[in-house]
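Architecture and fold: a report
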Amino acid sequence: DSLAESFIEKDEKVLEEEDIAVKTKTITPEKMDLEEAIMRMEMLGHSFFIYVDNENDEIAVVYRRNDGKYGLIETER
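For clarity, every value in this text was computed on a predicted model and none was experimentally measured.

1. Brief notes about the overall build of the protein chain
Along the protein chain, the regular secondary structure elements total two helices and four strands. Each helix and strand of the protein chain, placed in order from N terminus to C terminus, yields the pattern α-β-α-β-β-β. When each of the 77 residues of the protein chain is scored for burial, the buried share is 17%. Relative to all contacts within the protein chain whose residues are 6 or more apart in sequence, the contacts with residues 24 or more apart total 10%. For the protein chain, the accessible surface area stands at approximately 6900 Å², while carbon and sulfur atoms represent 51% of it.

2. A few points about the sheet that holds strand β1 (residues 31-32)
Read from one edge of the open sheet, four strands run β1-β2-β3-β4, paired in mixed fashion. Where the open sheet ends on each side, the last strands, each with one partner, are β1 and β4 (70-74). Sheet topology places strand β3 (residues 59-64) next to β4; five bridges connect them, and they run antiparallel. What sits directly across from arginine 64, in β4, is tyrosine 70.

3. Overview of the nonpolar core
Among the nonpolar cores identified, the biggest contains eight residues, and these are Met32, Ala37, Ile38, Met41, Phe49, Tyr51, Ala60 and Val62. Among the secondary structure elements, those contributing two or more residues to this core are α2 (34-44), β2 (48-53) and β3. The greatest single-element share of this core, amounting to three residues, is contributed by α2. Residues contacting alanine 60, with those up to four places away along its chain left out, are Phe49, Ile50, Tyr51, Leu72 and Ile73.

4. Things to note about the side chain of glutamate 58
Counting through the fold element by element, glutamate 58 comes out in the loop between β2 and β3. Side chain to side chain, glutamate 58 and arginine 77 meet in a polar contact 3.1 Å long. When neighbours within four sequence positions are excluded, glutamate 58 is seen to be in contact with Tyr51, Val52, Asp53, Thr75, Glu76 and Arg77.

Reading the values: the criteria
- Residues numbered from 1 in each chain as written.
- Predicted model: local features only at pLDDT ≥ 70, side-chain atom pairs only at ≥ 80, totals over all residues.
- Heavy atoms only, no water.
- Helix = DSSP H or I, 4+ residues; strand = E, 2+ residues; numbered from the N terminus.
- Buried < 20%, exposed > 50% of the residue type's maximum accessible area, 1.4 Å probe, protein only.
- Contact = heavy atoms within 4.5 Å.
- Areas by Shrake-Rupley, 256 points an atom, 1.4 Å probe, with all protein chains shown as cover.
- Pairing = 2+ DSSP bridges.
- Core = buried A, V, L, I, M, F, W, Y, C linked by side-chain atoms within 4.5 Å.
- Polar contact = N/O pair within 3.5 Å; in protein donor to acceptor, adjacent residues only side chain to side chain.

Dropping the structure here:
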């Protein structure tokens, strides 16, 4: 067995639910425009920010993409 094969075998193990550490946080999204959401995300040093879009009253998520640009996920009820 090569070293690479031993790593592959370890990766194939199924994780049990108790093996996955999950931190839960509850937020109350504030109403704002996209520009303010980006500013707050940057000020906090986060890679995403959840808010209520003031144009359509829906929850939205702005995030920093791997290419350094921003992405936006819009929701609808």
